[in-house]
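Structure assessment
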Amino acid sequence: MIGLISATAAGTVARDRLAAAWPGRTAVYEGPVREAVQRAFAECEQLVCFLATGAVVRLLAPLLSDKSSDPGVVCVDEAGRHAVALLGGHGGGANALAEAVGEVLGAAPVVTTATDATGVLGLDMLGLPVEGDVAGVSRAMLDGAPVELRADVVRPLPPLPSNVSPGAGGPAVLHVTDRIVEPGSLAAVLRPASLAVGVGASKGAPVEEVVGLIRDTLDEAGLSPLSIAELVTVDAKADEPGIVAAAARFGVPLRTYAAEELARIEVPNPSGAPLAAVGTPSVAEAAALAAGGELLVPKRKSNPAGRAAMATCAVVRRSPRGRLAVVGLGPGARDLLTPRAREELRRASVLVGLDQYVDQIRDLLRPGTTVLESGLGAEEARARTAVAEARKGHAVALIGSGDAGVYAMASPALAEAGTDIDVVGVPGVTAALAAAAILGAPLGHDHVSISLSDLHTPWEVIERRVRAAAEADLIVTFYNPRSRGRDWQLPKALSILSEHREPATPVGVVRNASRPDESSRVTSLAVLDPATVDMMTVVTVGNTATREIAGRMVTPRGYRWQSAPTERGGAK
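Keep in mind that this is a model prediction, so the values were computed, not measured.

Here we come to the overall build of the chain. Assigned secondary structure in the chain consists of 18 helices and 29 strands. Dimensions of the chain, computed from the C-alpha atoms along their principal axes, are close to 95 × 65 × 50 Å. A separation of at least 24 residues holds for 65% of the contacts in the chain among residues at least 6 apart in sequence. Here the chain has roughly 26,200 Å² of accessible surface; of this, 52% comes from carbon and sulfur atoms. Side-chain charges in the chain split into 55 positive and 63 negative, and the spacing between the mean points of these groups amounts to 2 Å.

Written out as structure tokens, the structure reads:
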């Protein structure tokens, strides 16, 4: 919960705007400011104080305990111009909160954490447990000093600065490992979620027995419990209290498999007891192997004093799974790039894209990002490169203009990708939507997008689709309408539409939608000159209900035009 505190009328107005924007996430603290701050500090994970920073510092000073447990605090000034991350920038999430408050209130976020100010992602912001001298290693990273990277396997980490690398030398060391390491001075350990623990248990097995067995097993194998990704077991034990509670203790999910699936897996230590009880000769080992990876610890039994064992476990190191984010950049304007796309660009350690698209967002990448760019006509090669980098265990972003799934990179990439990597799609504003917003409301009824490029699709197929759209009275947006080497396809497509639509049917022409040299016009099917169109243009042809009103294209949501055109301010 986010506590909101204000002291003035202006602060209260801004406070209420934030509360309205985030229903269910905030709590307003009324009354004397000192008491309100004290109550919110004790009860909330984060605070937004609409007060001067000096006043908040004095109010908070007696309350501070530990940076790992104190809430994150953001201050917003009286004029609402700045959202200052005052306390708990990383651990308390104040840096991200300042950004979010700024988006709602139109305030500039003020973040002074060194890593954020320089674009270097802090070790405590990588989404992994971290131990050791985090501050010392972070300072070395920021100072550009060599930091030795010792990673057991490649994991999909965000980009690290170029001074952090294997063989870098120097006193600072960053380990990425699931093994137990005792970090000394200038050494930190990142714990990847690389271990799956298979668990079997008799009915009523105590949670302490299950947890104790797992901890002892990992300790003897030299493995860290902070690297447990999941507990796994058979379906029949999905509700076994001791197993469910053990997963909760370790803060990881519990995944289950059907007994029939586990029974097909060869294990080193099968047994008749689980076969009789749940239908598979192995639970712990088979479930661990089903999670995928190398069996590090075969089945072990618990050893309670004075009675038979009630729990078993086995441990695998899961195969590294890379991550491929297919990111749509939108039509070109920076403010039409979605926040989710920004996050994925800054999360990726490898970026793959067309060179001109890379240039659009190069400034958003974190230091240390590997950029693999190529020119026009290499779409399939870029897709293969992106998938190959993800298969190496990297976090990869493959970029495309508009929405990456519309005439862009998602199709060739997903045709290459298998189940061995994680794939995330990030939608973007398409050229058709960007053009429609400029033209007015041409897509108010059923519509279709058709590419007129016959490089990938035979013209016979394209023509059949254009005819179908014409006969179905669909609004049509033409992508790739005309180039120097393709100058006859657009006239042909327009002639097909003309067989089913009046010459006065509105047509919208938008070039470089949302970019600095954007241009647009509304014309008609009879008047449009195809020679004025090029590959940077989107052409939208209305249906039989589309009208030009006050210079804009408008298609009603229904087919009944409610009033005469002359009553609507110059309709044609």
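Extensive coverage of strand β4 (residues 72–76) is indicated by the burial of 5 of its 5 residues. Burial of β4 is two-sided: the residues G72, V74 and V76 facing one way and the residues V73 and C75 facing the other way are all buried. Relative to β4, strand β3 (residues 46–50) runs parallel, the two being bridged by 4 bridges. Bridge assignment links L47 to a residue of β4, and that residue is V73.

The phi angle of most residues is negative, glycine excepted, and most peptide bonds adopt the trans form. One non-glycine residue, D473, adopts positive backbone phi at about 60°. With respect to the helices, strands and loops of the structure, D473 is situated in the loop between α17 (459–471) and β24 (475–479). The backbone phi angle of A550 is positive, close to 55°, even though this residue is not glycine. By the secondary structure assignment, A550 is in the loop between β28 (547–549) and β29 (552–554).

This part covers the state of the cysteines. Within this structure, the stated rule accounts for 0 disulfides. Here C49 stays free of any disulfide, with the sulfur of C75 as its closest cysteine sulfur at 5.4 Å.

Our focus in this paragraph is the pattern of salt bridges. Applying the stated criterion across every chain yields a total of 22 salt bridges. One salt bridge in this structure joins E240 and K237, with 3.7 Å as the shortest N-O distance. An identical accessibility class is assigned to E240 and K237; each is buried. Between R334 and D363 there is a salt bridge, with its nearest N and O atoms 2.9 Å apart.

Next up on the list: helix α16 (residues 431–439). Taken residue by residue, α16 has A432, A434, A435, A436 and L439 as its buried positions. G440 sits one or two positions beyond α16 and adopts a positive phi of about 135°.

Mapped onto the elements, R521 comes out in strand β26 (residues 519–524). By relative accessible area, R521 is classed as partly exposed at 36%. In the structure, R521 is positioned 10 residues away from R511 in sequence and 9.3 Å away in space, judged by C-alpha atoms. R521 has contacts with L439, V507, G508, V509, L528 and T532, leaving out every residue within four places of it along the chain. Side-chain polar atoms of R521 contact the side chain of T532, separated by 2.6 Å.

Ordered by their spatial adjacency, 5 strands build an open sheet running β14-β13-β12-β16-β15, and the pairing between neighbours is mixed. Two strands bound the open sheet, and with one partner strand each, they are β14 (254–257) and β15 (294–301). The average undirected angle you get between the axes of adjacent strands in this sheet is 25°. Looking at chain direction, β15 and strand β16 (residues 311–317) are connected through 5 bridges and run antiparallel. Paired with R300 across the two strands is C313, which belongs to β16.

A word on the side chain of R486. Within the element layout of this structure, R486 appears in the loop between β24 and α18 (489–498). Here L452 takes part through its backbone oxygen, which lies 3.1 Å from a polar atom of the side chain of R486. A distance of 3.0 Å separates the side chain of R486 from the backbone oxygen of N480, its partner in a polar contact.

Reading across the sheet, the 6 strands line up as β2-β1-β3-β4-β5-β6 and stay open at both edges, with mixed pairing between neighbours. What marks the edges here is a single partner per strand, and that holds for β2 (26–28) and β6 (108–110). Geometrically, the sheet is characterised by an average inter-axis angle of 25° between neighbouring strands, direction not taken into account. With 3 bridges connecting them, strand β1 (residues 2–6) and β2 associate as parallel partners. Directly across from I2, in β2, lies its bridge partner T26. Sheet contacts for helix α1 (residues 9–21): β1, β2 and β3; angle to β1, the most-contacted strand, approximately 160°.

With that out of the way, let us pick up helix α3 (residues 53–60). Listed as buried for α3 are V56, L59 and L60. Around the axis of α3, the buried residues are gathered within 90° of arc, so they sit on the same side.

Once that is clear, we can look at the packing of aromatic side chains. Under the criterion given, the structure shown has 2 aromatic pairs. Pairing Y407 with Y479 gives two aromatic rings, centres 4.8 Å apart and planes at 55°, and the pair type is tilted. One end of the pair, Y407, is in the loop between β20 (395–400) and α15 (410–416); the other, Y479, is in strand β24, and 72 residues separate them in sequence. Take Y407: its relative accessible area is 45%, and that puts it in the partly exposed class. Residue classification places Y479 among the buried residues on the basis of a relative accessible area of 11%. Between W459 and W488 the ring centres are 5.0 Å apart and the planes differ by 70°, which places this aromatic pair in the edge-to-face class. Placement of the pair is W459 in helix α17 and W488 in the loop between β24 and α18, with a sequence separation of 29 residues. Stacked on the ring of W22, the Lys or Arg R25 has its end atom at 4.4 Å from the ring centre.

In this section: the packing of α1 against helix α4 (residues 94–105). In the contact formed by α1 and α4, the axes pass within 10 Å of each other and the chain directions differ by 100°. By the angle between their directions, the pair α1 and α4 is classed as roughly perpendicular. Here A14, R17, L18 and A21 of α1 lie close against α4, whose contacting residues are V101, V104 and L105. For the contact of α1 with α4, a count of residues per class yields 6 nonpolar, no polar and 1 charged.

Right, let's get into the environment of A229. If you trace the backbone, A229 turns up in strand β13 (residues 228–234). Of the residues examined, A229 reaches a relative accessible area of 12% and is grouped as buried. Distance from A229 to L329, taken between C-alpha atoms, is 32 Å for residues 100 residues apart in sequence. If we ignore the near neighbours within four places in the chain, the residues touching A229 are A193, S194, L195, V252, P253 and R318.

Basis of the calculations
- Residues numbered from 1 in each chain as written.
- Predicted model: local features only at pLDDT ≥ 70, side-chain atom pairs only at ≥ 80, totals over all residues.
- Heavy atoms only, no water.
- Helix = DSSP H or I, 4+ residues; strand = E, 2+ residues; numbered from the N terminus.
- Contact = heavy atoms within 4.5 Å.
- Areas by Shrake-Rupley, 256 points an atom, 1.4 Å probe, with all protein chains shown as cover.
- Lys, Arg positive; Asp, Glu negative; His and termini not counted.
- Charge placed at Lys NZ, Arg CZ, Asp CG, Glu CD.
- Buried < 20%, exposed > 50% of the residue type's maximum accessible area, 1.4 Å probe, protein only.
- Pairing = 2+ DSSP bridges.
- Disulfide = S-S within 2.5 Å.
- Salt bridge = Lys/Arg side-chain N within 4 Å of Asp/Glu carboxyl O.
- Polar contact = N/O pair within 3.5 Å; in protein donor to acceptor, adjacent residues only side chain to side chain.
- Axes fitted to C-alpha atoms, helices over the stretch in contact; angles between N-to-C directions.
- Arc of directions from axis to C-beta.
- Phe/Tyr/Trp six-rings, centres within 6.5 Å; stacked < 30°, edge-to-face > 60°.
- Lys NZ or Arg CZ within 6 Å of the ring centre and 35° of its normal.
- Parallel < 35°, antiparallel > 145°, perpendicular 65-115°, else oblique.
- Nonpolar A, V, L, I, M, F, W, Y, C, P; charged D, E, K, R; others polar.

Shape is all these values report; function is a separate question.
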